[in-house]
Amino acid sequence: MKVLVTGGAGYIGSHTCLALLELGYDVVAVDNFCNSSPESLKRVEELTGKKVPLYGIDVRDEAALDRVFKEHEIGCAIHFAGLKAVGESVEKPLSYYENNLLSTMTLLKVMGKNGVKKIVFSSSATVYSTENVMPLNETGRMGCTNPYGWTKFMCEEIIRDYAKADPEWSAVLLRYFNPVGAHPSGRIGEAPNGIPNNLMPFITQTACGVRKELVVFGDDYPTHDGTCVRDYIHVMDLAEGHAAAIDYLMAHTGTEVFNLGTGVGYSVLDMVKAFEEVNGLQLPHRIGPRRPGDIAVCYADPTKSRALLHWTAKRTLKDMCADAWHWQQLNPRGYEA
Ligand code: NAD
Ligand code: UFG
């Protein structure tokens, strides 16, 4: 079966393309490269020995997207394309609503027109209200604190409504926790533009000297060491979760939502310590003030994914730290030559 992957050149998209190719799927990717480079998928082709047709188009361009569906016999779509920086979404809310909502609606429309009625959507744990108790399960109360989160919340609703209107539709909404790490080859990984927003790229860039030190955002939270706890998940486990979601799509109709997390939380200082130990180095870091908007603890209840997707995260914190560092060392400037 041929899978259309929007945002396929991005961090999670490129790892998912690789996992799907290794499982025997064909992949067609579209990406406008607003936060990625076509180089990632060239490397996926090298690693797998398989071709990935890649269209440099915006998912909101209905005519261009329609041509992709006409040129390929697509069985289902995974929709990664979107803007994802929480802070930027607060500064530029309209860009986020425009890009994330319109790309989702255009994709659904073009899929419907071409009779392709199966979609996997990249959602986020950020759609859960901060009032829930941990671990978060899929029935938790919803609510967001920033425009990025609301775009995910709204896209979930749009997909749900669209799928409800036609009983042949099947949709899987995947709520990711904190994806980190890279493919063990070190050929593909996370290549953020400018100053990273997320912890792991900040750690790896500090370790290789691109950044002077890591600032730990607060050590007065009600956690075992005072720093925030998150559910870090290896990006290859996440990628394999998408293959499991495709299996589920093929066997069901309607919309279902799943957490993709490990169910285990680690603090920022746990991450620093693990990174130092696994890679045999010292990471310059200091405690700074809290980052506005952070919550103390966030981790998944992965029971439903385990039961219905028959998927579970297998890789360890050691794998996450080793693979992230391997990628950083081999590609100190990401995909730039
Ligand atoms: P990424 O930025 O690396 O990948 C997204 C890709 O989509 C990029 O290659 C970008 O160029 C492309 N894109 C954006 N808008 C587009 C458009 N209109 N048309 C075509 N291409 C477009 O991000 P990622 O980390 O791989 O995230 C993938 C998805 O998962 C996103 O939807 C993100 O919101 C979601 N997600 C990510 C995380 C995380 O921490 N990385 C957590 C939860 C959810
Ligand atoms: N942190 C630091 N120093 C840094 C960067 C991060 O101490 O330089 C801390 C943060 O305060 C937080 C933890 O590391 O406690 C993880 O931070 P990230 O920014 O990596 O991840 P978040 O949990 O804040 O956010 C992630 C995704 C969002 C998503 C959210 C909820 O980046 O897109 O999870 O799922 F919305």
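What this report covers is the structure whose coordinates are included nearby. (Residues numbered from 1 in each chain as written. Chains lettered and ligands numbered in written order. Predicted model: local features only at pLDDT ≥ 70, side-chain atom pairs only at ≥ 80, totals over all residues. Heavy atoms only, no water.)

**Overview of the nonpolar core**
- V3, L20, V44, L174, I246 and L309 are the most contacted members of the largest nonpolar core, which totals 42 residues.
- Contributions of two or more residues to this core are made by β1 (2–6), α1 (11–22), β2 (26–30), α2 (39–48), β4 (76–79), β6 (170–176), α8 (235–251) and β11 (254–260).
- The dominant element in this core, judged by the number of residues it contributes, is α8, at 10 residues.
- Apart from the residues within four sequence positions on either side, L20 is in contact with V3, V5, Y25, V27, I78, A243 and I246.
- In this structure, V28, A64, L65 and I74 belong to the second largest nonpolar core, which totals 28 residues. (Core = buried A, V, L, I, M, F, W, Y, C linked by side-chain atoms within 4.5 Å. Buried < 20%, exposed > 50% of the residue type's maximum accessible area, 1.4 Å probe, protein only. Helix = DSSP H or I, 4+ residues; strand = E, 2+ residues; numbered from the N terminus. Contact = heavy atoms within 4.5 Å.)

**Considering helix α5 (residues 93–113)**
- For α5, spanning 21 residues, the distance from its first C-alpha to its last is 30 Å, which sits close to the expected 30 Å at 1.5 Å a residue.
- Here α5 has its buried residues at Y96, N99, N100, L101, S103, T104, T106, L107, L108, V110 and M111.
- Structurally, α5 contributes buried residues whose contacts are with β1, α3 (62–71), β4, α4 (86–91), β5 (118–124) and α6 (147–164).
- Within two residues after α5, G115 carries a phi angle of roughly 70°, on the positive side. (Expected span 1.5 Å × (residues − 1).)

**With respect to the site of ligand 1**
- Taken together, 26 residues lie around ligand 1, and I12, D31, N35, S36 and Y148 are the ones closest in.
- One of the backbone nitrogen or oxygen atoms of Y11 is found 2.8 Å away from an oxygen atom of ligand 1.
- Interatomic distance of 2.7 Å between a side-chain N/O atom of N35 and an oxygen atom of ligand 1.
- Looking at the shell around ligand 1, the elements with two or more residues in it are α1, β5 and α6.
- At three residues, the largest contribution of residues to the shell around ligand 1 is made by β5.
- Class assignment of the residues belonging to the shell around ligand 1 gives a composition of 11 nonpolar, 10 polar and five charged. (Near = heavy atom within 4 Å. Polar contact = N/O pair within 3.5 Å; in protein donor to acceptor, adjacent residues only side chain to side chain. Nonpolar A, V, L, I, M, F, W, Y, C, P; charged D, E, K, R; others polar.)

**Some thoughts on the packing of aromatic side chains**
- The full count for this structure, using the stated rule, is five aromatic pairs.
- Between the aromatic rings of Y162 and W169, the centroid separation amounts to 5.2 Å while the plane-to-plane angle is 65°, which identifies the pairing as edge-to-face.
- A relative accessible area of 3% means that W169 is categorised as buried.
- Ring centres of W327 and Y335 lie 5.1 Å apart, and the angle between their planes is 55°; this geometry places the pair in the tilted category. Here the two residues W327 and Y335 agree in accessibility, since each one is buried.
- Above the face of the F202 ring, R211 is positioned so that its terminal group lies 5.8 Å from the ring centre.
- Positioned above the aromatic ring of F258, the side-chain terminus of K304 is 5.1 Å from the ring centre. (Phe/Tyr/Trp six-rings, centres within 6.5 Å; stacked < 30°, edge-to-face > 60°. Lys NZ or Arg CZ within 6 Å of the ring centre and 35° of its normal.)

**Looking at the environment of G75**
- As for its placement among the helices and strands, G75 is situated in the loop between α3 and β4.
- In this structure the C-alpha to C-alpha distance between G75 and V116, which are 41 residues apart in sequence, comes to 6.3 Å.

**Some words on the environment of S122**
- With respect to the helices and strands, S122 occurs in strand β5.
- Not counting residues up to four positions away in its chain, the partners in contact with S122 are H79, F80, K152, L174 and Y176.
- At a separation of 2.7 Å, a polar atom in the side chain of S122 contacts the side chain of Y176.

**Some remarks on the site of ligand 2**
- Of all residues adjacent to ligand 2, which total 21 residues, the nearest are N198, V215, R230, R291 and D294.
- Side-chain polar atom of N198 to an oxygen atom of ligand 2: 2.6 Å apart, as the coordinates give it.
- Separating an oxygen atom of ligand 2 from a backbone N or O atom of L199 is a distance of 2.8 Å.
- Burial of ligand 2 by the surrounding chains reaches 89%, relative to a free accessible area of 690 Å².
- Listing elements by their share of the shell around ligand 2, those giving two or more residues are α7 (199–207) and β8 (214–217).
- It is β8 that contributes the most residues to the shell around ligand 2, four residues altogether.
- Looking at the shell around ligand 2, its residues break down into 12 nonpolar, five polar and four charged. (Areas by Shrake-Rupley, 256 points an atom, 1.4 Å probe, with all protein chains shown as cover.)

**Quick notes on the packing of α7 against helix α11 (residues 317–330)**
- As a packed pair, α7 and α11 sit with axes 10 Å apart at the nearest point and diverge in direction by 55°. Regarding the angle of α7 to α11, the classification is oblique. In terms of crossing hand, the pair formed by α7 and α11 is right-handed. Here M200, T204, Q205 and A207 of α7 lie close against α11, whose contacting residues are M320, C321, A324, W325 and Q328.
- The residue inventory of the contact of α7 with α11, partitioned by class, reads six nonpolar, three polar and no charged. (Axes fitted to C-alpha atoms, helices over the stretch in contact; angles between N-to-C directions. Parallel < 35°, antiparallel > 145°, perpendicular 65-115°, else oblique. Left-handed = near helix turned anticlockwise from the far one by under 90°.)

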